[in-house]
Structure formats: C-alpha cells, structure tokens
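Descriptive analysis of the structure
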Amino acid sequence: MKLSLSTRLVLSYLVVILAGMAVITPLAWVSIGDLYLASQRDNLIAQARLIALALQGSALPSSQQAYSQTANASPGIHTRVLDARGAVVIELAAPGGSLDSTPAALPSLVQDATGGVTPAEVLARPEVSQALQGKTASATRRVSQAGGKPVLYVAAPVLAADDSVSQIVYLASPLADTRWSALPAPLQAGFIGVLALALLLASGMGFLLANRLTRPLRELRQAAEEVSHGNLGRSVPVDPSIPDLASLGSAFNRMTLSLRQADQAKTAFIADVSHELRTPLTVLKGSIETLQDGAADDLAAREQFLTSMGQETERLIRMVGDLLILTRADAGMLNLIREPIGLFHLAQVRCEAFTLPARKRQVRLLADLAPGLIPQENDLVLADADRLTRALDNLLDNALRYSPPGGTITVTLEREAQRVVCQVKDTGPGIPAANLPFIFDRFYRVDPSRDRREGGCGLGLAITRGLIQAHGGEIFATSQVGQVEGQGATFTFWLPPSTL
Ligand code: ADP
C-alpha cells in the first residue's frame, strides 16, 4: 500500500499514542475503581457509626435469628444488629433487596440452610471480633453463597452505659465483580469520553505536526522539479527550527547556486571562445577578400597575405587544440598513458629545449635539485610524458615571455613525504595579488593588450592546471609584486610520487 509520508507520520503518532493509552488506561481504570471502592467503604463505615450511635442506650429485643449470607447477594446495603453472642437482633435488607424488612420474613432466613452462618462463625470474623473490642472495622470477602461475588462488611460497636459492647451494627454491601462495573454509568461514560477526546486531540496534533515536518519536503520536491525543467534560479525557504530539514534546504540552495554558477561559467566560456575565434577568422576573411580584390596579382602582397593567413590558421589550430584538451580534462577523458617518469630529468630536457629562445632573450635557464633529493629514486612520478611535457612547457614559455633580458628562470625540485614538488620561478614583473586568484581561469589575462601582442589567449595556465589535476596533483602561483623588486612569479606544482 502506497501511503504518503504525512499519512505514515500520523499513523505512527497514533500507534505510539494508542500504545501509551494501552498502558495508562488500565492503570487509570484500576485507580478510579479503587478510589470509588474506598469512598464506598468510608460511606459504609460512617453509616455504621451513625446507626451505632443512634442505638446507644436503647433496649433491643433479644432474638436468636441466624445470620443469612444469601441475603447479601442482592444489591444495596444490608443492615443487621448483632448481640454480643453473634445472634442477629435486627435485620434490615437493602431497599429492593431480596429480604423484606418486616419481621415476618425473618423466620424464612433462619431456615436458610445454605446461607446460614452460626453465631460462633459470625463472632470469628475479624471485623466482628474487632467491633467486640470496641473498634469499627471493615473487610471485603468473596461469598460463595452470593455467587462468588465480593461483599464489603463493616462492623461498628454499640456501647452500653458501662462502655462495654452491647451490640454490633453489622453492614454488608455486595460489590461489583470488576472495578469497571463498580463505577456508576455516568463515570464510565465520562471515562470513555475522555479517552475518545484524547485520541481525537492526538490525531489532530499528529496531523499538524506531520504537516509541519513534510511541508519543507514538499517544497523541496516542487523546487527540484522546477530545477529539472531548467529554472536554476529556484531556491527553497530554510526553516532553522528543524535543523535536519534546514540543512537539507541549505544544501539544495547551495546546489542550485553552484548550478547557476556553472551555467554562467559555461555561457561565459562559449562567449569567450566565440570572441577568440572571431579575431583570427576576421583576419582570414579580410585577407581572402583583399586577395580576391586583386592583391593576389601582386606577388609581394600575396606572399605577405598568405604568411599572415598561415599564422592565423596556426593560431586557430592551436586554440582549437587547447580547447579540446580543456574539454577532455573537464570530462575526465584525457586518457593518460601513465608511466614512471623522472621529473628532474624531464625538467632538464625541457630546459634544454628552451635554451635557444632563452638565449635570444638573454635569459638564463637553470634546473636545480634540492639537496638530499636523489634522482631515479625520489623524483619518480607516474605520469603521461606528453601531457606533463605540455604542462611544464606552458610554465617555461610564460616565464620566458615575461622575463626581462638578463633575467633568470629556475626550475627546482623537492621531495616531500607524499609528493614531488616542482617550482618554476622567474625574475619578471610578477603578478599583482588582485589578479593571482584568476590566472588559472580560462581566457584570463592580466593585461589583455600586452598578451595579445605576445600571442597568448589566456588558455595556457588553465590547460596546465587541468593536466596537473588529471595526474592527481595541484598547482598554485605566488608573486610578491610591489613588495620585493624583481621577485617575479613562482609557479609551484606537486604530483604524487610513483612509489605511492
Ligand atoms: P596565455 O596563454 O595568454 O599566456 P596563460 O593562461 O598562460 O595565458 O596566463 C594567464 C595570465 O597570467 C597571462 O595573461 C599573464 O598575465 C599571467 N602570467 C602567466 N605567467 C606569468 C608569469 N610568469 N609572469 C607574469 N605573469 C604571468
């Protein structure tokens, strides 16, 4: 059966409340019954004392009536006066009871063999023997002659002038079989009414509580549906009074926020790509049109245009290749072919590859090993040689482009417990602190005009970071521009060692 969460919650509340009631109701039942019995006994004692007081000093007939137990079976209070030898002097049946209070009915009782109790037996009863000693006493016993029903007895002494016990007022009242049936009908109805009201109130409260708990979930479901239909601006209200639901709501809002940010980043990326592609394409189109307009006939002009077209095409191919790497890195589809590579050896090889352009720019290139780092053992990383070469080349290329003549580029290597750390440091102008957090973003350039002249379009560092991260490493940049003159920029990346 498919039940909604709020129905399940209401049902659970009801089950808990019913279980509670199942424990409490019998207890309340027993207590109320006991209270009612106690009040009945107190009543009977008060009545017995009153009668005893009224009889004090009066001369009563002496009689030898036997005590009838059977008479006690009929409801009401049965009143008897006993003499000190246990014989019944006066017997009054309860109104509507089986015994007529007229003396004529008495002889029949005397002959009642089944219900008859001898005077000695009557005197042996604890409440009667207590009354003989001058104390009012009560007792409850089940009486077989009254169908096994419990009977409440009260015995009160009637004192003579010399304070001796002359008679005993002996009251008997049959009790209900169970505590519940002992209660009068209005009390029973009231008890059931209170139970029903409690159940009704509990259901109402359960419904309200369940509704309060499930409302945020319903809102969340509604919002998730809207997000799935493309409404990324949707958020849900967060009610801090229920911490679990509040954290769920906050997590949902954080999720939609990051979805919005990712969506904006994607839109910005597409806009940037279009913009970057448009420039070389415009140059190409212009060159083609100029050639078509007759420049093709001029040999020198044609050469110049074709060279420019070749450069722009080269730039386009490079950019498309870069974008492809970035997209693959994002999708985790770089398909790295990993093998153990000595990072120091690779750094040396790449520095050598850059020797010629570095010499042209009068920049010194150094590959340095931290003391204590033994190659072949400590600088091994598990990496794709081509991809790692590309990452290192990007850093060296940048360092070279930004180094002034006479500057120095240093590549250092260090081994830490869980990683091999590589630094590419230059003595160029460095990167202002305000720009540092963004330099790994796609198409980000600190000075766009300068970089376009230099040929970069702001993808180099984004690719480097994508490649390093794909190898399980991380990269960051530091620079002390304005603080220390000529400190340049330092790019630090680390990779997990192949021995891990
Ligand atoms: P590009 O492909 O244009 O070089 P990069 O992603 O490699 O782009 O670099 C982003 C920006 O970071 C560059 O435009 C430049 O402003 C800055 N940058 C990178 N390397 C250095 C460096 N060694 N010294 C100073 N600025 C640098």
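Refer to the structure printed above.
Report follows, based on the coordinates.

Overview of helix 11 (residues 385-402)
Helix length check: helix 11, at 18 residues, gives a terminal C-alpha distance of 26 Å against a target of 26 Å (1.5 Å per residue), a fit within 8%. The N-terminus of helix 11 is capped by Asp384, whose side-chain oxygen sits 3.1 Å from the backbone nitrogen of Asp386.

Side note on the pairing of strand 7 (residues 165-174)
Along any regular strand the residues' side chains alternate between the sheet's two faces. Judged by how many residues are buried, strand 7 sits mostly within the fold: 9 of 10 residues are covered. As paired strands, strand 2 (residues 78-83) and strand 7 are joined by 6 bridges and run antiparallel to one another. Looking across to strand 7, one finds that Val81 is bridged to Val169. Where strand 6 (residues 149-159) lies against strand 7, 9 bridges are found, and the strand directions are antiparallel. Directly across from Ala155, in strand 7, lies its bridge partner Tyr170. Counted along the chain from strand 6 to the antiparallel partner strand 7, the turn is 5 residues long, and its residue Asp163 has a positive phi close to 70°.

Focus on the pattern of salt bridges
Counted according to the given criterion, the structure contains 14 salt bridges. The residue Arg80 makes a salt bridge to Glu91 at a minimum N-O spacing of 3.0 Å. Linking Arg80 in strand 2 with Glu91 in strand 3 (residues 88-92), this pair joins segments that are 11 residues apart in sequence. Accessibility classification places Arg80 together with Glu91 in one group, the buried group. Across the salt bridge formed by Glu127 and Arg141, the nearest N and O atoms sit 2.6 Å from each other. On the criterion of sequence distance, the pair formed by Glu127 in helix 4 (residues 126-132) and Arg141 in strand 5 (residues 137-143) is long-range, its members being 14 residues apart.

Some details on the pairing of strand 13 (residues 474-479)
Burial of strand 13 is one-sided: the residues Ile475, Ala477 and Ser479 facing one way are buried, the residues Glu474, Phe476 and Thr478 facing the other way are not. Where strand 13 lies against strand 14 (residues 489-495), 6 bridges are found, and the strand directions are antiparallel. For Ile475, the partnering residue across the bridge sits in strand 14 and is Phe493.

Points about the packing of aromatic side chains
Under the defined criterion, the tally for this structure stands at 5 aromatic pairs. Aromatic side chains Phe440 and Phe491 sit 6.2 Å apart centroid to centroid with 80° between the ring planes, which places their arrangement in the edge-to-face category. Of the two residues, Phe440 is situated in the loop between strand 12 (419-425) and helix 12 (448-454) and Phe491 in strand 14; the sequence distance between them amounts to 51 residues. Classification of Phe491 by relative accessible area gives buried; the value is 6%. Note that Arg125 overlies the ring of Tyr153, its terminal NZ or CZ placed 4.9 Å from the centroid. Here the guanidinium or amino end of Arg442 rests over the ring plane of Phe269, the centre of that ring lying 5.1 Å away.

Comments concerning the environment of Leu132
For Leu132, the position within the fold is in helix 4. Along the backbone, Leu132 and Ile168 are 36 residues apart, and their C-alpha atoms lie at a distance of 7.3 Å. When neighbours within four sequence positions are excluded, Leu132 is seen to be in contact with Ala84, Leu123, Val165 and Ile168.

A word on the nonpolar core
By size, the foremost hydrophobic cluster in this structure holds 48 residues, and its most contacted members are Leu343, Phe491 and Phe493. Ignoring any residue separated from it by four or fewer positions in sequence, one finds Phe491 in contact with Leu395, Cys422, Gln423, Val424, Ile431, Ile439, Phe440, Leu461, Phe476 and Ala477. Counting 15 residues, the second largest nonpolar core, distinct from the first, contains Val88, Val122, Val165 and Ile168.

Some words on the side chain of Asp426
By the secondary structure assignment, Asp426 is in the loop between strand 12 and helix 12. Not counting residues within four places of it along the chain, the set of residues in contact with Asp426 comprises Ala399, Ser403, Thr408, Ile409, Gln487, Gly488 and Ala489.

As for the sheet that holds strand 3
If you trace the 5 strands from one edge of the open sheet to the other, you get 3-2-7-6-5, paired in antiparallel fashion. This sheet does not close on itself; its edge strands, each paired only once, are strand 3 and strand 5. Across the sheet, the mean angle separating the axes of adjacent strands is 20° when strand polarity is ignored. Most of the contacts of helix 1 (residues 5-55) go to strand 6, to which it runs at about 30°, and overall it touches strand 2, strand 5, strand 6 and strand 7.

Regarding the environment of Ala176
Inspection of the secondary structure assignment puts Ala176 in the loop between strand 7 and helix 5 (179-182). Its relative accessible area of 26% is what places Ala176 among the partly exposed residues. Residues Ala176 and Val151, spaced 25 residues apart in sequence, show a C-alpha to C-alpha distance of 8.7 Å.

With respect to the packing of helix 11 against helix 13 (residues 460-470)
In the contact formed by helix 11 and helix 13, the axes pass within 9 Å of each other and the chain directions differ by 145°. You can see that helix 11 and helix 13 cross each other, and the crossing is left-handed. The residues of helix 13 that touch helix 11, namely those facing Arg387, Leu388, Arg390, Ala391, Asn394, Leu395 and Asn398, are Gly460, Leu461, Ile463, Thr464, Leu467 and Ile468. The residue makeup of the contact of helix 11 with helix 13, split by class, is 7 nonpolar, 4 polar and 2 charged.

The rules behind the values
- Residues numbered from 1 in each chain as written.
- Predicted model: local features only at pLDDT ≥ 70, side-chain atom pairs only at ≥ 80, totals over all residues.
- Heavy atoms only, no water.
- Helix = DSSP H or I, 4+ residues; strand = E, 2+ residues; numbered from the N terminus.
- Expected span 1.5 Å × (residues − 1).
- Polar contact = N/O pair within 3.5 Å; in protein donor to acceptor, adjacent residues only side chain to side chain.
- Buried < 20%, exposed > 50% of the residue type's maximum accessible area, 1.4 Å probe, protein only.
- Pairing = 2+ DSSP bridges.
- Salt bridge = Lys/Arg side-chain N within 4 Å of Asp/Glu carboxyl O.
- Phe/Tyr/Trp six-rings, centres within 6.5 Å; stacked < 30°, edge-to-face > 60°.
- Lys NZ or Arg CZ within 6 Å of the ring centre and 35° of its normal.
- Contact = heavy atoms within 4.5 Å.
- Core = buried A, V, L, I, M, F, W, Y, C linked by side-chain atoms within 4.5 Å.
- Axes fitted to C-alpha atoms, helices over the stretch in contact; angles between N-to-C directions.
- Left-handed = near helix turned anticlockwise from the far one by under 90°.
- Nonpolar A, V, L, I, M, F, W, Y, C, P; charged D, E, K, R; others polar.

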